[in-house]
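# Geometric and topological summary
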Amino acid sequence: MDQPKPPATPALSHAEIRTIIIGIMLAMLLAALDQTIIATALPTIGRELGDLEHLPWVVTVYLLTSTAVTPLYGKFSDSHGRRVTMLIGIVVFIVGSIACAVAPTMFALILARGLQGVGGGGLIALAQTIVADLVPPKERGKYQVYFASVFMSSSLLGPVLGGFFAEHLHWSVIFWINLPLGLIALFITFHTLKKLPRHDRPHQLDLLGAMLMVTATVSLLLALSWGGLRFPWFSLPILGLVAGSVVLWGLFAIRMRLAPEPLIPPGVLNNSVVRMGVLSACFGMGTYIGLTIYLPVYFEAVRGLSASLSGLALIPLMAGTVCGATISGRSMAKAKHYKRLPMGGLLVAMVATGVLAASAHTISITMIEVLLAIISVGLGTLLPVSTVAIQNAVKPHELGTATGTANFFRSLGGALIVAVFGAIVLSGAGLSGATSFETLGHTAAQSGVDLGDIFSYVFVAASIGFGLALVFLVAMKELPLRGSAVKAAEAAIAD
């Protein structure tokens, strides 16, 4: 029997689309900036609150909660609409930010950061999903460029603002700044998203599945966060967390098959385009995140740069993604075979990291900057293609679930690869237990270990990561991009 076709949604004008884009970009900036602005303020926070031992948890707990709730936001938005879900996320984020700003102790700050992560975890995935509601897939890549610019801006401005606020004002300003930004985003979201096309359907939220997924994620990320630093990798606590995560993921897989409406519909993960696109983005972005964290260690411990100079040296790696995403996004509207450009980009990134691995000791800083720019541009070409291809392959009422799932596994892949890079550095230096990366070079020198050799292995691992992203991208089926939002909805429901 034929399925009823959805009613035609009035086309939004370019000015209306632009207004909505500005609103959701501001919401994205809240989440993205909060991940970078706090880094340079952490030493000041630790000194003023009198607790340096638990300082890493200020970052880790945000990662834990924001990663774990991402699929929940996607599912909830598919059920109740993007607008109300975005409003909930912004409100929770603002409340969490206020709690962080007034936190009197480190423990209170850690709890507040967890609440802040619950709000921020859905903002990025929801913003990408809203663009999918607004713009047909063939034109969507161009708008992904705006989001890439948000990430670049937060990457460049965040550390500078965090250090300035902590040194000249007060560390709490890095959280208070979210209040005016959040209220503006809330106002724009409340008014502009009323015009957003609706594809949501009534659903039952699988709370048991959500609980299993969240606890499995938290167990795994705790193991990745603590392994090699707080506890040795093969210690009982780490092995217990990994085993617990495996069991919980197994129970979650069983729940997905038995639940009337599972949290992640099997049809989404069984979709080969979604599966391959998610894996490609997972390894590509995960490797990129790992490089952004460990390259400053390389610059300081191996090449002898100061902390401020190492931050400046990282700029080409941050800025190039926007260039790559811009080129790739615009080409998607014209090119039939839209995979070819990111395939070439990932191949170039893989070769560039291979060059770094072969010459980690001798290569000049100038040449490193050139290679980082090449890596960044190459990876940037993957970002809009993977996101749009995944959204193009699912039904309109599954956009939130698919986008949230993709962002969830991408974040999880980043945590995993960061842990792999950390294991290479720590085990190569003969270190275990709690270690400060600031003293890594001195400790390795006393042990007679050459950190340049260790980072050669890190770059080899990065090259392998980009290679795996390329393999999964090649395996992803290249579906034609739909050119009309209404036709896309009709075709997807008729499938």
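Residues numbered from 1 in each chain as written. Predicted model: local features only at pLDDT ≥ 70, side-chain atom pairs only at ≥ 80, totals over all residues. Heavy atoms only, no water.

### Brief notes about the overall build of the protein chain
Counting its secondary structure elements, the protein chain contains 22 helices and zero strands. By the burial criterion, 54% of the 495 residues in the protein chain qualify as buried. Of the contacts formed within the protein chain by residues at least 6 apart in sequence, a portion of 83% connects residues at least 24 apart. Of the accessible surface of the protein chain, which amounts to about 20,500 Å², a share of 69% is contributed by carbon and sulfur atoms. (Helix = DSSP H or I, 4+ residues; strand = E, 2+ residues; numbered from the N terminus. Buried < 20%, exposed > 50% of the residue type's maximum accessible area, 1.4 Å probe, protein only. Contact = heavy atoms within 4.5 Å. Areas by Shrake-Rupley, 256 points an atom, 1.4 Å probe, with all protein chains shown as cover.)

### Remarks on the environment of H191
You can see H191 is positioned in helix α9 (residues 178-192). Residue classification places H191 among the partly exposed positions, given a relative accessible area of 39%.

### Remarks on the nonpolar core
Counting 51 residues, the largest nonpolar core has L291, L295, Y298, I375 and F459 as its most contacted members. Elements that contribute at least two residues to this core include exactly α13 (272-301), α15 (315-332), α16 (340-358), α17 (365-380), α18 (382-392), α19 (399-428) and α21 (451-475). By size, the runner-up hydrophobic cluster in this structure holds 40 residues, among which are L109, A112, I238 and L263. (Core = buried A, V, L, I, M, F, W, Y, C linked by side-chain atoms within 4.5 Å.)

### Remarks on the packing of aromatic side chains
Scanning the entire structure with this criterion turns up six aromatic pairs. For the pair W171 and F175, a centre-to-centre distance of 6.2 Å together with 85° between the ring planes defines the contact as edge-to-face. For the pair W171 and F175, one class covers both residues: buried. Relative to F472, the ring of F283 has its centre 5.8 Å away and its plane inclined at 15°; by these criteria the two rings are stacked. One end of the pair, F283, is in helix α13; the other, F472, is in helix α21, with 189 residues separating them in the sequence. Each member of the aromatic cluster is reached from another via a ring pair, and the members are Y298, F299, F455 and F459. (Phe/Tyr/Trp six-rings, centres within 6.5 Å; stacked < 30°, edge-to-face > 60°.)

### Looking at the side chain of T85
Inspection of the secondary structure assignment puts T85 in helix α4 (residues 82-101). Using a relative accessible area of 1% as the deciding quantity, one classes T85 as buried. Here T85 is in contact with Y73, F76, S77 and L126, once residues within four sequence places are set aside.

### Quick word on the confidence of the model for the protein chain
Mean pLDDT over the protein chain works out to 76, with 76% of the residues at or above the 70 mark. Below a pLDDT of 50 lies the segment residues 1-10, which in the model reaches eight contacts outside its immediate sequence neighbourhood of four places, other chains included. Scored below 50 in pLDDT, residues 432-438 makes eleven contacts in the model with residues more than four places away or belonging to other chains. (pLDDT = per-residue confidence, 0-100.)

### Description of the packing of α4 against helix α5 (residues 106-120)
Contact pair α4 / α5: the axes reach a minimum separation of 7 Å and the direction vectors enclose 165°. By the criterion of interaxial angle, the relationship of α4 to α5 is roughly antiparallel. α4 and α5 meet at a crossing whose hand is left-handed. Only L109, A112, R113, L115, Q116, V118, G119 and G120 of α5 make contact with α4, whose side of the interface consists of G89, V92, F93, V95, G96, S97, A99 and C100. (Axes fitted to C-alpha atoms, helices over the stretch in contact; angles between N-to-C directions. Parallel < 35°, antiparallel > 145°, perpendicular 65-115°, else oblique. Left-handed = near helix turned anticlockwise from the far one by under 90°.)

### Overview of the environment of S272
Here S272 is to be found in helix α13. Remark: the alpha-carbon pair of S272 and I390, spanning 118 residues in sequence, is separated by 9.5 Å.

### Overview of α5
Taking 1.5 Å of rise per residue, the 15 residues of α5 would be expected to cover 21 Å, and the 20 Å separating its terminal C-alpha atoms lies within 8% of that figure. For α5, the full list of buried residues reads M106, L109, I110, A112, R113, G114, Q116, G117, G119 and G120. (Expected span 1.5 Å × (residues − 1).)

### Here we look at helix α11 (residues 236-258)
Counted at 1.5 Å a residue, the expected span for α11 with its 23 residues is 33 Å, and the 33 Å between its end C-alpha atoms agrees. Regarding α11, the residues found buried are I238, L241, S245, L248, F252 and M256.

### Brief notes about a nonpolar patch on the surface
On the surface, a cluster of nonpolar side chains totalling about 260 Å² of accessible area is made up of V91, V95, L115 and V118. Counting through the fold element by element, V91 comes out in helix α4. (Patch = residues over 30% accessible without salt bridge, like charges linked within 9 Å, V, L, I, M, F, W, Y side chains within 5 Å. Salt bridge = Lys/Arg side-chain N within 4 Å of Asp/Glu carboxyl O.)

### A word on the packing of α13 against α15
One can describe the packing of α13 onto α15 by two numbers: an axis separation of 10 Å at closest approach and a directional angle of 155°. With respect to α15, the axis of α13 lies roughly antiparallel. Where α13 approaches α15, its residues Y288, L291, T292 and L295 are matched on the opposing element by L317, M318 and T321. Here the residues of the contact of α13 with α15 are counted per class, giving five nonpolar, two polar and no charged. (Nonpolar A, V, L, I, M, F, W, Y, C, P; charged D, E, K, R; others polar.)

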